[in-house]
Each structure stands twice: as C-alpha cells, then as structure tokens.
Amino acid sequence: MQGQEKENNFSIPNMMSAFRILLIPVFVLAYFLRPDAVWISVMTLAISGITDVVDGIIARKFHMITQLGKVLDPVADKLTQATVCVCLTISHPQLLILLVVLGIKELTMMCGGIYVLKTGHKPISAKWFGKLCTCVLFGVFMLFLLFPNMGAGQMYGLIGVGVVFAAFSLIMYISEFFKIKKS
C-alpha cells in the first residue's frame, strides 16, 4: 500500500514483550522446583517488570509503537500477572480473592475490548491507572515472594491493596468503554 510505512514487528519493544512471555515458564519452574532459591523467582519477576517499563519507554521515545506491540505488551502483562497470582495462591490460599478480582477484571476488559472492536472503534490504549495497577500488583507479588511467612495482618493488607487497585483500574476502564459507547 502506497503511502503507508510497513511496521517493524521485530522491534526491540516487541522482542522485549515476547521475552516477558518466555519468562513465565521460567518463573513457574523456579517457584515450584526451587522454593529454596526464592531469589530466582524474584529476579525473574523483577526482570519481567523492568523490561515492561523499558519496552514502553523505548517504543514511545524511538517511535517504535506497532499494532502488534499494542496487543503483545498487555498480553504479556496479563499472562504474567495471572501466572504469578495462581502460583502464589497455591501457596497462599488467602490470595484467592485477588485472583478472582483479577479474573473478573480481565474478563470484563476482554468483553469491553471485543465490543470496541465490533463497533469499529479503535482499541483503548493503556491508561495511567492500568499501568499503576500493574506496578502495584508486581509490588504485592514481590512482597509475597520475599516474605512468604508474613503475618496475617500484613498478608491481608497486601491482598487488600491489590484488590483495591485492580477494582479501581477496572472501574476506570469501564468508564472509558462507556465514553466510546456514547460516541
């Protein structure tokens, strides 16, 4: 097509998002097969979080934003969050409420995204409240990894923080979907 530039789907940000997806089985194996070496799980999650931030910075600063990246980046986030939360819930059943809230959030987001696409609108890009929620969840997960024997008060406090931020993000994205519906 004349006048349109072909996107480079093998850009650094897209490769970083794909790398984050490849880190998921590394995290799972480290978490379950090497519980004595929690640092492997922590480092895997930290690398995933750092590359998530860096890929966005690179994509924006060097104009490497692609349609594939707009899908791949949030998919990597959601798969990582879901996997880590499931793994931690197996060890800490108290986290089930956070897992349920995240499941509801992501199902709602998926349905909203399908609606947006079916109505011919552009998909909603990541918003500050979604990014904030992701950062908070990574922090909550990291603390559960680092302090697996924390007291019940701290545990439920962290779970509450995760639930509040996930619910806040969901409410804000629902409002974005309603804005699109009105247009």
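Source: prediction; values computed, not measured.

### A few points about the layout of surface pockets
- Each pocket or cavity is described by its volume, and for the largest pocket that value is around 1600 Å³.
- Taken together, 47 residues line the largest pocket, and the ones lying closest to its centre are K70, D73, P74, S125 and A126.
- Where the lining of the largest pocket is concerned, the elements lending two or more residues are helix 1 (12–33), helix 2 (38–61), helix 3 (67–91), helix 4 (96–118), helix 5 (128–146) and helix 6 (152–182).
- Residues of the lining of the largest pocket, tallied by class, amount to 23 nonpolar, 13 polar and 11 charged.

### What about a nonpolar patch on the surface?
- Taken together, L29, F32, L33, V86 and I90 make up a surface patch of nonpolar side chains, about 490 Å² in accessible area.
- Listed by contribution, the elements that provide at least two residues to the nonpolar patch are helix 1 and helix 3.
- With respect to the secondary-structure elements, L29 resides in helix 1.

### Some details on empty space enclosed by the protein
- Using the criterion set out here, one finds 1 cavity of 30 Å³ or more in the structure.
- There is about 60 Å³ of room inside the largest cavity.
- Surrounding the largest cavity, R20, L23, I24, F27, T44, L45, S48, T80, T83 and V84 form its lining.
- When residues in the lining of the largest cavity are grouped by element, the largest group, 4 residues, is from helix 1.
- Its residues placed into classes, the lining of the largest cavity shows 5 nonpolar, 4 polar and 1 charged.

### Section: the packing of aromatic side chains
- Taken as a whole and judged by the stated rule, the model has 5 aromatic pairs.
- Each ring, one from W128 and one from F168, has its centre 6.0 Å from the other, and the planes form 55 degrees; the classification is tilted. Note that W128 is positioned in helix 5 and F168 in helix 6, a separation of 40 residues in sequence.
- Exposure remark for W128: the relative accessible area of 54% places this residue in the exposed category.
- Taken together, the ring pairs connect W128, F129, F168 and Y173 into an aromatic cluster.

### Some details on unusual backbone geometry
- Phi at H63 takes a positive value of approximately 55 degrees, unusual for a residue other than glycine.
- By secondary structure assignment, the location of H63 is in the loop between helix 2 and helix 3.

### Quick word on the packing of helix 5 against helix 6
- Axis separation between helix 5 and helix 6 bottoms out at 9 Å; the angle between their running directions is 165 degrees. Taken as axis vectors, helix 5 and helix 6 run roughly antiparallel relative to one another. Pair helix 5 / helix 6 crosses with left-handed handedness. Side by side, helix 5 and helix 6 meet where W128, F129, G130, L132, C133, V136, L137, V140, L143 and F144 of the first sit next to M155, L158, I159, V161, G162, F165, A166, F168, S169, M172, Y173 and E176 of the second.
- Tallied by class, residues from the contact of helix 5 with helix 6 come to 18 nonpolar, 3 polar and 1 charged.

Cut-offs applied
Residues numbered from 1 in each chain as written. Predicted model: local features only at pLDDT ≥ 70, side-chain atom pairs only at ≥ 80, totals over all residues. Heavy atoms only, no water. 1 Å grid on protein atoms, 1.4 Å probe; cavity = no way out; pocket = protein on both sides within 12 Å on 5 of 7 lines; lining within 4 Å. Points joined across faces, edges and corners; volume = space filled by probe spheres on them. Helix = DSSP H or I, 4+ residues; strand = E, 2+ residues; numbered from the N terminus. Nonpolar A, V, L, I, M, F, W, Y, C, P; charged D, E, K, R; others polar. Patch = residues over 30% accessible without salt bridge, like charges linked within 9 Å, V, L, I, M, F, W, Y side chains within 5 Å. Areas by Shrake-Rupley, 256 points an atom, 1.4 Å probe, with all protein chains shown as cover. Salt bridge = Lys/Arg side-chain N within 4 Å of Asp/Glu carboxyl O. Phe/Tyr/Trp six-rings, centres within 6.5 Å; stacked < 30°, edge-to-face > 60°. Buried < 20%, exposed > 50% of the residue type's maximum accessible area, 1.4 Å probe, protein only. Axes fitted to C-alpha atoms, helices over the stretch in contact; angles between N-to-C directions. Parallel < 35°, antiparallel > 145°, perpendicular 65-115°, else oblique. Left-handed = near helix turned anticlockwise from the far one by under 90°. Contact = heavy atoms within 4.5 Å.

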